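Residue-level structure breakdown
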Amino acid sequence: MGAQVHGAQSFDAAKRGKIVFSEDAMNTVKKIMSRYPEGRTKSALIPVLHVAQAEFGGWLSPEVMDYVASVLKIEPIEVFEVASFYTMFNLKPVGKVVIEVCQTSSCWLNGAEDIVKYIEKKLHIKVGETSSDGMFTLKVAECLGSCGTAPMMQCGASFHENLTYEKVDKILADYKADGRLRSYTDKDYKNTL
Ligand code: FES
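Residues numbered from 1 in each chain as written. Predicted model: local features only at pLDDT ≥ 70, side-chain atom pairs only at ≥ 80, totals over all residues.

**Examining the overall build of the protein chain**
We count it as follows: Helix numbering and strand numbering both begin at the N terminus, where a helix is a DSSP run of H or I of at least 4 residues and a strand a DSSP run of E of at least 2. Counting other C-beta atoms within 10 Å of a residue's own tells you its class, since 20 or more makes it buried, 12 or fewer makes it exposed, and anything in between is partly exposed; those C-beta atoms are placed from the backbone.
Helix and strand counts for the protein chain stand at nine helices and four strands. Helices and strands appear in the protein chain in the N-to-C order α-α-α-α-α-β-α-α-β-β-β-α-α. Put simply, the protein chain has 193 residues, and 35% of those count as buried.

Pasting the structure below:
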């Protein structure tokens, strides 16, 4: 069952200031919103959700979605409908690095299934689960547009292509050593969202 929108209770929490964008993130949100005419702020929802997901631990809690609704001056259910539709938004806590292994035809023909099994065994998790150290969540995804370099996986804004077991070992070791949360907005989102 998907996340529930708790309406008034969590909205109050947002208004009390428990969930507030940092100054930097708010500046980005304002810049995104400024692209749309007065009263059409809903059009900014998807890029603003990306900022929120990066800002609040890699996932969108009901409270965060309510906060985004309050910032955009739209209804919380409108935020939930969009956030729950797109697989790029996480509605439950995830690891600092979400691994999305493409499983569509080109990747599948080039060993994506074996890559998934390898990561499952290496991290002692199944698809949809998070490693016990809170570092990695494993997902599968449909075609990510990098079919010529199959098999591939996406971690936040980074594509990792022509995967082998050895490459996977190195990639995961590097992320673990770095320890940072990765998001779709990593590549200077101020200029790209
Ligand atoms: S099939 Fe995997 S990126 Fe297209």
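**Focus: the sheet that holds strand S2 (residues 136–141)**
We apply this condition: At least two bridges found by DSSP between two strands are what make those strands a pair. To define axes, lines are fitted to C-alpha atoms, for helices over the stretch in contact only, and angles between the resulting N-to-C directions are given on a 0 to 180 degree scale.
With respect to topology, four strands assemble into an open sheet ordered S2-S1-S3-S4, the strand pairing being mixed. Lying at the two open borders of the sheet, with one neighbouring strand each, are S2 and strand S4 (158–160). With strand direction ignored, the average angle separating the axes of adjacent strands in the sheet is 25 degrees. For strand S3 (residues 153–155) and S4, the ladder comprises three bridges, and the chain directions are antiparallel.

**Some points on the packing of helix H2 (residues 23–33) against helix H3 (residues 45–55)**
Short version of the rule: Here the word oblique covers every angle except those under 35 degrees (roughly parallel), over 145 (roughly antiparallel) and from 65 to 115 (roughly perpendicular). Our contact criterion uses C-beta atoms placed from the backbone: two residues qualify when those atoms are within 7 Å. Three classes are used, and their members are as follows: Ala, Val, Leu, Ile, Met, Phe, Trp, Tyr, Cys and Pro are nonpolar, Asp, Glu, Lys and Arg are charged, and the others, Gly among them, are polar.
Here H2 crosses H3 at 170 degrees, and the two axes come no closer than 10 Å. Classified by the angle between their axes, H2 and H3 sit roughly antiparallel to one another. Where H2 approaches H3, its residues Ala25, Thr28, Val29 and Ile32 are matched on the opposing element by Pro47, Val48, Val51 and Glu55. Taken together, the residues of the contact of H2 with H3 break down into six nonpolar, one polar and one charged.

**Notes on the pairing of strand S1 (residues 97–102)**
Among the six residues that make up S1, six are buried, leaving the element largely enclosed by the rest of the structure. Across six bridges, S1 lies against S2 in parallel orientation. Note on S2: the bridge partner recorded for Val97 is Phe136. As defined by bridge partners, S1 adjoins S3 across three bridges and the pair is classed as antiparallel. Within S3, the residue paired with Ile99 across the bridge is Cys155.

**Things to note about helix H4 (residues 62–72)**
An α-helix turns once per 3.6 residues; consequently, residues spaced three or four apart project the same way. Buried residues dominate H4, accounting for ten of its eleven residues. Within H4 the residues assigned to the buried category are Pro62, Glu63, Val64, Met65, Asp66, Tyr67, Val68, Ala69, Val71 and Leu72.

**Focus on the packing of H3 against H4**
This is how the line gets drawn: For a crossing to be left-handed, the near helix must be turned anticlockwise from the far one by less than a right angle; the clockwise case is right-handed.
It is at 11 Å that the axes of H3 and H4 come closest, and there the two elements cross at 135 degrees. Judged on the interaxial angle alone, H4 and H3 are oblique. Classified by chirality, the crossing of H4 by H3 is right-handed. Contact with H3, carried on its side by Leu45, Val48, Leu49 and Ala52, involves Val64, Val68 and Leu72 of H4 and no other residues of that element. When grouped by side-chain class, the residues that make up the contact of H3 with H4 number seven nonpolar, no polar and no charged.

**Description of the environment of Ile32**
You can see Ile32 is positioned in helix H2. The spacing of Ile32 and Leu45 is 13 residues in sequence and 9.2 Å in space, taken between C-alpha atoms.

**Describing helix H7 (residues 112–123)**
Our working definition: Given a helix with a known number of residues, its expected span is that number minus one, times 1.5 Å. Within this analysis, the arc is defined by the directions that extend from the helix axis to the C-beta atoms.
Between its first and last C-alpha atoms H7 spans 16 Å; for twelve residues at 1.5 Å apiece the expected length is 16 Å, and the two agree. Along H7, the residues classified as buried are Ala112, Ile115, Val116, Ile119 and Leu123. All buried residues of H7 lie within an arc of 100 degrees about the axis, which places them on one face of the element. Exposed and oriented more than 90 degrees from the buried face of H7 are Asp114, Lys117 and Lys121. On its buried face, H7 is in contact with S1, helix H6 (105–109), S2 and helix H8 (165–178).

**Here's the deal with the confidence of the model for the protein chain**
Where we set the bar: Residue-level confidence of the predictor, termed pLDDT, takes values from 0 up to 100.
Confidence along the protein chain averages 89 in pLDDT terms, with 88% of residues attaining 70 or more. Predicted confidence is poor over residues 1–16, with pLDDT under 50, and the contacts of this stretch with residues over four places away or in other chains come to 28 contacts.

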